[in-house]
Amino acid sequence: MTLTASEPAIADRLALAREVAGRAGDLQRERYETRLTIASKGASIDLVTEVDRACEALIVGAIREAFANDAILAEEGGTGAGPGAEFCWIVDPLDGTTNFAHGFPRFCVSIGIERRGERVVGVVLDPLLDERFEAVRGGGAWLGSRRLAVSSETAFGRGLFATGFPYDVHTSEDDNLEAFARVVKSARGIRRDGSAALDLCYVAAGRVDGYWERKLHAWDVAAGILLVEEAGGRVSDEQGGPVDRSGRELVATNGPLHDSLIEKIRRRAV
Ligand code: IPD
Ligand code: CA
Ligand code: CA
């Protein structure tokens with residue numbers, strides 16, 4: 001069995017998302033550990049390489065050709081189509097750029113699709129492990145031919161968690177370090193692997209029990225949130241309320257550990 005979508009408008013877009021994620025992933029695999037042109041964006045530790053840009057151009061070009069009326073929100077600026085479009089593609093052409101630039105083997109292509117503001121498709125491809133995570137609203141979350149389910153862990157002390165730090169960590173006091181310390185001190189383990197989209201997929205796959213991060217962007221989380229929800233997990237802001245598409249504040253868990261993770265990471269008054 002693999003993921004299918006019954007509605008043609010969704011099935012056609014899922015097919016294109018798979019195809020372009022595959023092509024961008026091929027490019028990333030070819031260029032991995034080769035000489036790269038690396039530039040930094042606003043904050044000095046926020047990097048972009050020519051591979052990020054080439055992957056985005058490839059993905060955005062294919063979407064425009066196939067679905068000219070769809071809106072696109074893409075990290076490196078390939079944004080287009082006016083308001084009122086029924087579908088919006090949210091693209092992170094290379095999530096994990098710092099890893100990619102350093103030859104650390106953990107990065108991916110992430111493509112989410114919204115229909116009138118509702119997440120309907122998510123595709124995340126890890127080109128080195130050849131793992132394609134995907135979900136369609138109502139159709140479950142899948143890793144290739146395997147249907148995914150979040151973990152069933154109920155004890156925080158046996159939990160493995162993931163997180164990340166914002167690009168303004170050198171200058172902002174809202175840096176996630178206190179929350180990180182509290183979780184390290186009470187969980188079985190914590191990982192900071194540098195790809196938000198894969199972190200969310202790993203919650204969906206039950207590889208980690210929970211994940212939180214602040215100051216992300218829509219392209220980091222668009223596909224991954226749907227993966228977690230379709231795998232039976234819970235996604236919210238840090239108050240337990242609905243998560244918004246911005247990625248500003250995100251907690252994603254297997255469900256049973258959600259409230260305790262929120263309690264651990266809650267900002268304390270000084
Ligand atoms: C970053 C990664 C990282 C997270 C950053 C993101 P990028 O995306 O997802 O894990 O900690 O906040 O911006 O810049 O590699 O696409
Ligand atoms: Ca990203
Ligand atoms: Ca990126």
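Per chain, residues are indexed from 1 in the order of the written sequence. Here chains are named by letter from A upward and ligands by number from 1 upward, in the order in which they appear as written. Totals for whole chains, interfaces and linings use all residues, but because this is a predicted model, local features are given only for residues with pLDDT of at least 70 and pairs of side-chain atoms are given and counted only at 80 or more. With hydrogens and water set aside, each side-chain value is computed from the structure's full complement of heavy atoms.

Concerning the site of ligand 1
Put simply, the test is: Being near a molecule or strand, for a residue, means having at least one of its heavy atoms within 4 Å of it. Whenever a nitrogen or oxygen atom comes within 3.5 Å of another N or O atom, the pair is scored as a polar contact, on the condition that within protein one atom can donate a hydrogen and the other can accept it, and that pairs from neighbouring residues in sequence are kept only if both atoms are in side chains. Accessible surface is estimated by sampling points in the Shrake-Rupley manner with a 1.4 Å probe; for residues, cover comes only from the protein chains shown.
Neighbouring ligand 1 are 15 residues, the closest being Asp-95, Gly-96, Thr-97, Tyr-167 and Glu-213. Note that an oxygen atom of ligand 1 is positioned 3.3 Å from one of the side-chain N or O atoms of Asp-92. Within the side chain of Tyr-167, an N or O atom sits 2.8 Å from an oxygen atom of ligand 1. Bound to the protein, ligand 1 loses 97% of the 380 Å² it would expose on its own.

A short note on the domain arrangement of the protein chain
The test is simple: Domain start and end points were adopted from an automatic or database domain assignment. In this analysis, two residues are considered to be in contact whenever any of their non-hydrogen atoms come within 4.5 Å of each other. Buried area: the sum, over both parts, of the accessible surface (1.4 Å probe) that disappears when the two are put together. In what follows, salt bridge is the name for a side-chain nitrogen of Lys or Arg lying within 4 Å of a carboxyl oxygen of Asp or Glu. Comment: elements are numbered from the N terminus, with helices defined as DSSP H or I runs of at least four residues and strands as E runs of at least two.
Here the domain parsing of the protein chain yields domain 1 (8-147) and domain 2 (156-265). Spacing between the C-alpha centres of domain 1 and domain 2 amounts to 20 Å. Taken residue by residue, the interface counts 43 residues in domain 1 and 27 residues in domain 2. Summed over both partners, the interface of domain 1 with domain 2 buries about 2800 Å², with 59% contributed by carbon and sulfur atoms. Linking domain 1 with domain 2 are five salt bridges. Notably, a salt bridge pairs Asp-199 with Arg-106, separated by 2.9 Å at the nearest N-O pair. Along the contact surface separating domain 1 from domain 2 lie 11 residue pairs in polar contact (both at pLDDT 80 or more). When contributions to the side of domain 1 that touches domain 2 are tallied by element, the ones reaching two or more residues are β3 (71-74), β4 (87-95), α3 (97-102), β5 (108-115), β6 (118-126), β7 (131-136) and β8 (140-143).

Considering the pairing of β4
Keep this limit in mind: We call a residue buried when its accessible area falls under 20% of the maximum for its residue type, exposed when it is over 50%, and partly exposed in between, using a 1.4 Å probe and counting protein chains only. Pairs of strands are assigned from DSSP output, requiring at least two bridges between the strands.
Counting buried residues along β4, nine of its nine residues qualify, which places the element largely inside the surrounding structure. Summarising the sheet, β3 and β4 pair through four bridges and their orientation is parallel. By the bridge assignment, Leu-73 is partnered in β4 with Ile-90. Examined bridge by bridge, β4 and β5 share seven bridges and lie antiparallel to one another. Its bridge partner being in β5, Trp-89 is matched across the sheet by Ile-113.

Digging into the coordination of the calcium ion (ligand 3)
Spelled out, the test is: Keep in mind that water is not among the atoms, so a site may look incomplete; donors are the N, O and S atoms within 2.8 Å of the metal, or 3.2 Å for Na, K and Ca.
Looking at the calcium ion (ligand 3), one finds its protein donor set to be Glu-75 (OE), Asp-92 (OD) and Leu-94 (O), positioned 2.1 to 2.4 Å from the metal centre. Of note, the donors binding the calcium ion (ligand 3) are all from one chain and are spaced E-x16-D-x1-L. Distance-wise, the calcium ion (ligand 2) is placed 3.7 Å from the calcium ion (ligand 3), both being coordinated by Asp-92. Taking relative accessible area as the criterion, Asp-92 reaches 1% and is therefore assigned buried. The class for Leu-94 is buried, based on a relative accessible area of 1%.

Let's talk about the pattern of salt bridges
Under the definition given, this model contains 25 salt bridges. Of the charged contacts, one joins Glu-50 and Arg-31 as a salt bridge, the two residues approaching to 3.3 Å between their closest N and O atoms. Highlighted residues: Glu-50 in helix α2 (residues 50-66) and Arg-31 in helix α1 (residues 8-31), separated in sequence by 19 residues. The class for Arg-31 is partly exposed, based on a relative accessible area of 23%.

Re the coordination of the calcium ion (ligand 2)
Six octahedral donors around a metal ideally make angles of 90 or 180 degrees; four tetrahedral donors ideally make 109.5 degrees. Protein-derived ligands of the calcium ion (ligand 2) are Asp-92 (OD), Asp-95 (OD) and Asp-220 (OD), with the metal-ligand distances lying across 2.1 to 2.2 Å. Read from N- to C-terminus, the donor residues coordinating the calcium ion (ligand 2) fall into the pattern D-x2-D-x124-D.

Some words on unusual backbone geometry
A positive phi is found at Asp-130, a non-glycine position, where the angle reads about 55°. By the element assignment, Asp-130 lies in the loop between β6 and β7. A positive phi angle, close to 60°, is found at Lys-215, a residue other than glycine. With respect to the helices, strands and loops of the structure, Lys-215 is situated in the loop between β12 (210-214) and α6 (218-230). You can call Lys-215 partly exposed: its relative accessible area is 28%.

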